[in-house]
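Each chain is listed here by its residues.
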There are 2 protein chains.
Amino acid sequence: MTGVKQRKDAISIAGLALHLGLSEGTISRALNNYPDIAEKTRKRVRDAANELGYQPSSTARRLARGVVETVGFVLPSRRDHLSDPFLSEILDGLAAELAMSGWDLLLAAVPDGQDEVEVMDRLVRSGKIGAFAVTRVKRSDPRVDYLRTAGVPFVVHGRTSKHSDYSWLDVDNEKAFVDAVNFLIGLGHKNIALLGGDLKMNFAWQRREGFQKAMSDAGLETPPDYIVDGISDGMGALEAMATLLALPSRPTAVVCVTDAVAIGAIHAIQKAGLKAGHDVSVVGYDGLPMGRATEPALTTMSQASYEAGREVARMLLEAVRQKNIKSLNKEIPQILWEAKLTLRASANPPVSNPANKSHREETKK
Amino acid sequence: MTGVKQRKDAISIAGLALHLGLSEGTISRALNNYPDIAEKTRKRVRDAANELGYQPSSTARRLARGVVETVGFVLPSRRDHLSDPFLSEILDGLAAELAMSGWDLLLAAVPDGQDEVEVMDRLVRSGKIGAFAVTRVKRSDPRVDYLRTAGVPFVVHGRTSKHSDYSWLDVDNEKAFVDAVNFLIGLGHKNIALLGGDLKMNFAWQRREGFQKAMSDAGLETPPDYIVDGISDGMGALEAMATLLALPSRPTAVVCVTDAVAIGAIHAIQKAGLKAGHDVSVVGYDGLPMGRATEPALTTMSQASYEAGREVARMLLEAVRQKNIKSLNKEIPQILWEAKLTLRASANPPVSNPANKSHREETKK
DNA sequence: TTGTATGCGTTATCAT
DNA sequence: ATGATAACGCATACAA
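Residues numbered from 1 in each chain as written. Chains lettered and ligands numbered in written order. Predicted model: local features only at pLDDT ≥ 70, side-chain atom pairs only at ≥ 80, totals over all residues. Heavy atoms only, no water.

**Topic: the overall build of chain A**
And step 1. Along its length, chain A carries 13 helices and 14 strands.
And step 2. Counting only C-alpha atoms, chain A reaches 90 × 45 × 40 Å along its principal axes.
And step 3. Split into buried and exposed, the 365 residues of chain A put 54% on the buried side.
And step 4. Put simply, 68% of the contacts in chain A that link residues at least 6 apart link residues at least 24 apart.
And step 5. Carbon and sulfur atoms make up 51% of the accessible area of chain A, which amounts to about 15,700 Å² in all.
And step 6. In chain A, which carries 46 positive and 44 negative side-chain charges, the distance between the mean positions of the two groups comes to 5 Å. (Helix = DSSP H or I, 4+ residues; strand = E, 2+ residues; numbered from the N terminus. Buried < 20%, exposed > 50% of the residue type's maximum accessible area, 1.4 Å probe, protein only. Contact = heavy atoms within 4.5 Å. Areas by Shrake-Rupley, 256 points an atom, 1.4 Å probe, with all protein chains shown as cover. Lys, Arg positive; Asp, Glu negative; His and termini not counted. Charge placed at Lys NZ, Arg CZ, Asp CG, Glu CD.)

Put into structure tokens, the structure is as follows:
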């Protein structure tokens, strides 16, 4: 498949030179703000460029300078990314921030029969990209392993279990779930369950860790039945919550790995003839818009995906700069953001065991 | 901001030539399957290329061939795209299909203070892209107006109100809503309301048209109160549905412009102490995964966004081919897909007015 | 302050 | 069947 002729009617630097009676070199330097160009000439060139709609060929510029101002983003292979509601938000943030520095964002899918690393490697070797952004990392992630050795600047949104030697932006998922559980404990809950996600995903693992930490720090028992892993969508949540509700001693509250799971849980509770936020409290994570429209509205932890995308882009640009300077003091920015709790109606004191303020105090460490 | 040195350790065609004792030209032709290369040589070159991991510089190739095998996609400006759950699906489909032909997908955001057309124009003039894909079009859409005159191949997912002269793939939204309404009528409903969307968006307009057509074809009244426009999320749905339920004569069924709206409606019904799917039937549109986990599970119309992305990519590639051939018989592929109804639990015969089979037959035209 | 010349890594058009 | 050589459009070192 052959592409389309580039820039149909586009004017090149040669055309501009002709038009102005200047040499191509002068035009180039004028437009790139070289100090050795007369202000008057620069203005003349600028004006003509604007007037004629001159836009330097990105391709030629890349070839001449040997640089590629493009960030690659490999879409999670289809079988994995069971509806990430925030993918487009992150991409939006990435693209927006990159655009401010004239960088582009290249999206790549993984064809059947290939894996993500192959795709990334081809992108690098063909010179299509100069840096990578990676999201939704597993605890052990081949993409990160590859990038560690590839010599391409990259920033990870999230982190792997071993994460000391590369740059990442993550949310403190563990703390988020510690906070969520402590919030419920503060309300008076003792029988708290977890609807957890795929433990290969690090965010799910971290959230589970936070759950367990908070429970054990508070000296609360967690029966094995109360921890359900591997839930990835509302349907899974529906079943898991039904099972939880059928337990001889059912929980008075559930913390859910995502809002999608939490909303499924809410419906399971309703289906069982109980009232979410009354008989069973529910806390989610994500801040999905829909959580405001559920009945009851969903109490949830949240992070700003769009902002995360922007920050990752900034880190990426900085990583590229560092690399070019070949500075010896290796700066490896690692940023941990906190999720914040959005109080709504789905979490309240347990009916049989009203909030116990003093107890709450005790569990705060 | 300066980019990263391209392809650190990458081997170039010159290196390969040296390694093999052949000229660069021969290597190039061998790898590009020119017929005038000895099979034996071709194999030798291929093997060496594989072994050394040679990958032609995409940049140099573009410059030499004057073609850009990259599709541009401008993200809807942030204020508009109130959570399009399918954006990432479409992008995924686009990228996947494009990759099969060696094409790339470039994502661009719209910086503050600029509009989408400016961004698109710059992408074209800088030679970064050779074609465009556009989604979520308004009835009158400046992006389409621009592309019509820009000379760049493009395909629209959806269509504007005037759409005879460009290539698009759309779902027959009108028919979808005719079907949805007829389905409800078949169940015995007569008092059917519409929770509609932003009428500037063509899909919302089309769905509304379908609703009205089906109602009037069936000879059913639709009080003005029964049609609510401009709902874009679950929150809006919550309020609108509450208003609908407070009406002296409340509807026995509502058709919703999206699943997000439908789910909001379900919760409003529940909040009002009624039962969705019993007191009020609800039909959505989108086939959101979460619709399977609501209580009751959501009856909805759906289309496959991923597949749509792939099809748009195919049409794009074909448009590029047509343009290169400069064929005189202008093929303008326009494809209309049908949404299919997914029966679940949220739509049933009205309680006070059980299904009337004969009536259903009558309304089928 | 400006012009000239070379190179970036390919492809494509000539020769040979 | 293969090897020179000239573009492609720009950036930059070096002259002037």
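**Examining the nonpolar core**
And step 1. Within the largest apolar cluster, 65 residues are counted, with the highest numbers of intra-cluster contacts made by Leu195 and Met241 of chain A together with Leu195 and Met241 of chain B.
And step 2. For Met241 of chain B, the contacting residues outside a window of four places in its chain are Leu195, Val254, Ala265, Ala268, Ile269 and Val280 of chain B.
And step 3. Counting residues in each nonpolar core, the second largest holds 52 residues, with Ala109 of chain A together with Ala109, Leu169 and Ala313 of chain B among its members. (Core = buried A, V, L, I, M, F, W, Y, C linked by side-chain atoms within 4.5 Å.)

**Structural notes on the domain arrangement of chain A**
How big an interface is tends to be stated in terms of accessible area lost as the parts join.
And step 1. We note that the domain assignment places domain 1 (13-65), domain 2 (70-171 + 305-337) and domain 3 (173-303 + 341-363) within chain A.
And step 2. Computed over C-alpha atoms, the centres of domain 1 of chain A and domain 2 of chain A are 34 Å apart. (Domains from an automatic or database assignment.)

**Observations regarding the pattern of salt bridges**
As a working rule, side chains carrying opposite charge can pair if their charged atoms are close by.
Residue and element names in this part refer to chain A.
And step 1. For the coordinates displayed, the defined rule picks out 38 salt bridges over all chains.
And step 2. Of the charged contacts, one joins Asp179 and Lys175 as a salt bridge, the two residues approaching to 2.8 Å between their closest N and O atoms. Residue Asp179 and its partner Lys175 are located together in helix H8 (residues 173-187), separated by four residues, close to a single helical turn.
And step 3. Taking relative accessible area as the criterion, Lys175 reaches 30% and is therefore assigned partly exposed. (Salt bridge = Lys/Arg side-chain N within 4 Å of Asp/Glu carboxyl O.)

**Describing the packing of aromatic side chains**
Residues and elements named next belong to chain A.
And step 1. If you walk through the whole model with that rule in mind, you get four aromatic pairs over all chains.
And step 2. Relative to Tyr285, the ring of Phe177 lies with its centre 6.1 Å away and its plane at 40°, an arrangement referred to as tilted. With Phe177 in helix H8 and Tyr285 in strand E11 (residues 281-285), this pair connects stretches of sequence that are 108 residues apart.
And step 3. In this structure Phe177 comes out as buried when scored by relative accessible area, which is 0%. (Phe/Tyr/Trp six-rings, centres within 6.5 Å; stacked < 30°, edge-to-face > 60°.)

**Some points on the protein's contact with DNA strand D**
And step 1. Taken together, 27 residues lie near DNA strand D, and Ile13 and Tyr34 of chain A together with Thr26, Arg29 and Thr41 of chain B sit nearest.
And step 2. Protein-adjacent atoms of DNA strand D, using a 4 Å cutoff, are sugar or phosphate at a proportion of 65%.
And step 3. Tyr34 of chain A is positioned with one of its side-chain polar atoms (N or O) 2.4 Å from a phosphate oxygen of DNA strand D.
And step 4. Between a base nitrogen of DNA strand D and a main-chain N or O atom of Ala60 of chain A, the distance comes to 3.3 Å.
And step 5. Only helix H2 (24-31) and helix H4 (58-65) of chain A together with helix H2 (24-31) and helix H4 (58-65) of chain B provide two or more residues apiece to the surface near DNA strand D.
And step 6. By residue class, the composition of the surface near DNA strand D is eleven nonpolar, nine polar and seven charged. (Near = heavy atom within 4 Å. Polar contact = N/O pair within 3.5 Å; in protein donor to acceptor, adjacent residues only side chain to side chain. Nonpolar A, V, L, I, M, F, W, Y, C, P; charged D, E, K, R; others polar.)

**Focus on helix H9 (residues 202-217) of chain B**
All names here are of chain B.
And step 1. In this model, H9 (16 residues) spans 22 Å end to end at C-alpha, consistent with the 22 Å of a helix rising 1.5 Å per residue.
And step 2. Taken as a whole, H9 has its buried residues at Asn202, Phe203, Ala204, Gln206, Arg207, Arg208, Gly210, Phe211, Ala214 and Met215.
And step 3. On its buried side, H9 packs onto strand E7 (167-171), helix H8 (173-187), strand E8 (192-195), strand E9 (227-228), strand E10 (253-256) and strand E11 (281-285).
And step 4. Gly219 occupies a position one or two residues after H9 and carries a positive phi of about 70°. (Expected span 1.5 Å × (residues − 1).)

**As for the sheet that holds strand E4 (residues 104-108) of chain B**
Backbone-to-backbone hydrogen bonds join strands into a sheet, with any given pair of strands oriented parallel or antiparallel.
And step 1. Spatially, the twelve strands line up as an open sheet ordered E13(A)-E7(A)-E6(A)-E5(A)-E3(A)-E4(A)-E4(B)-E3(B)-E5(B)-E6(B)-E7(B)-E13(B), and their pairing is mixed. Each edge of the open sheet carries a strand with a single partner, namely strand E13 (334-337) of chain A together with strand E13 (334-337) of chain B. Here the strands of the sheet are splayed against their neighbours by 20° on average, with no regard to which way each runs.
And step 2. Of the strand pairs in this sheet, strand E3 (residues 70-74) of chain B and E4 of chain B are connected by five bridges, and their pairing is parallel. Counterpart to Phe73 of chain B in the pairing with E4 of chain B is Leu107 of chain B. (Pairing = 2+ DSSP bridges. Axes fitted to C-alpha atoms, helices over the stretch in contact; angles between N-to-C directions.)

**Notes on the relation of the copies chain B and chain A**
And step 1. Overlaying chain B with chain A gives an RMSD of 0.0 Å, the required rotation being 180° about an axis along which the chain moves by 0.0 Å. Seen this way, the second copy is the image of the first under a two-fold rotation axis. Taking C-alpha positions as reference, the residue of chain B nearest the rotation axis is Leu106 of chain B, located at 2.3 Å.
And step 2. The residues that chain B uses at the interface reappear at the interface of chain A in 100% of cases, marking a shared surface. (Least-squares fit on C-alpha atoms with pLDDT ≥ 70 in both.)

**Focus on the sheet that holds E11 of chain B**
Residue and element names in this part refer to chain B.
And step 1. Taken together, the six strands give an open sheet; going across it, the order is E9-E8-E10-E11-E12-E14, and neighbouring strands pair in mixed fashion. For this open sheet the edge positions go to E9 and strand E14 (340-342), each flanked by a neighbour on one side alone.
And step 2. Across three bridges, the pairing between E10 and E11 is parallel. Bridge pairing in E11 places Val254 opposite Val282.
And step 3. Sheet strands touched by helix H11 (residues 259-271): E8, E10, E11 and strand E12 (299-302). Its angle to E11, the strand with the most contacts, is close to 160°.

**Digging into the protein's contact with DNA strand C**
And step 1. The full set close to DNA strand C counts 28 residues, and Thr26, Arg29 and Thr41 of chain A together with Ser28 and Tyr34 of chain B are the nearest of them.
And step 2. Atoms of DNA strand C within 4 Å of the protein: sugar and phosphate make up 64%, bases the balance.
And step 3. Ile13 of chain B places a main-chain nitrogen or oxygen 2.6 Å from a phosphate oxygen of DNA strand C.
And step 4. Ala60 of chain B has a polar backbone atom sitting 3.4 Å from a base nitrogen of DNA strand C.
And step 5. Residue composition of the surface near DNA strand C, by class: eleven nonpolar, ten polar and seven charged.

**Thoughts on unusual backbone geometry**
Residues and elements named next belong to chain A.
And step 1. Following Glu295, the chain continues to Pro296 via a peptide bond in cis, the omega torsion being 0°.
And step 2. Its location among the elements puts Pro296 in the loop between E11 and strand E12 (299-302).
And step 3. At Asp286, a position not held by glycine, the phi torsion is positive, near 145°.

**Some thoughts on the packing of helix H5 (residues 87-99) of chain B against helix H12 (residues 305-325) of chain B**
Packed helices, taken two at a time, are described by the angle their axes make and the gap between the axes.
Residue and element names in this part refer to chain B.
And step 1. Taken N-terminus to C-terminus, the directions of H5 and H12 make an angle of 40°; their axes are 7 Å apart at the nearest point. Accordingly, the angle class assigned to the pair H5 and H12 is oblique. You can see that H5 and H12 cross each other, and the crossing is right-handed. Contact with H5, carried on its side by Glu89, Ile90, Asp92, Gly93, Leu94, Ala96, Glu97 and Leu98, involves Ser305, Tyr306, Gly309, Arg310, Val312, Ala313, Arg314 and Leu317 of H12 and no other residues of that element.
And step 2. When the residues that make up the contact of H5 with H12 are grouped by side-chain class, the tally is eight nonpolar, three polar and five charged. (Parallel < 35°, antiparallel > 145°, perpendicular 65-115°, else oblique. Left-handed = near helix turned anticlockwise from the far one by under 90°.)

**Comments concerning the pairing of E12 of chain B**
Residues and elements named next belong to chain B.
And step 1. Alternating residues of E12 divide into Thr299 and Met301 and Thr300 and Ser302, and every residue in both groups is buried.
And step 2. Of the pairings in the sheet, the one linking E11 to E12 comprises three bridges and is parallel in character. Among the inter-strand pairings, Val283 is bridged to a residue of E12, identified as Thr299.

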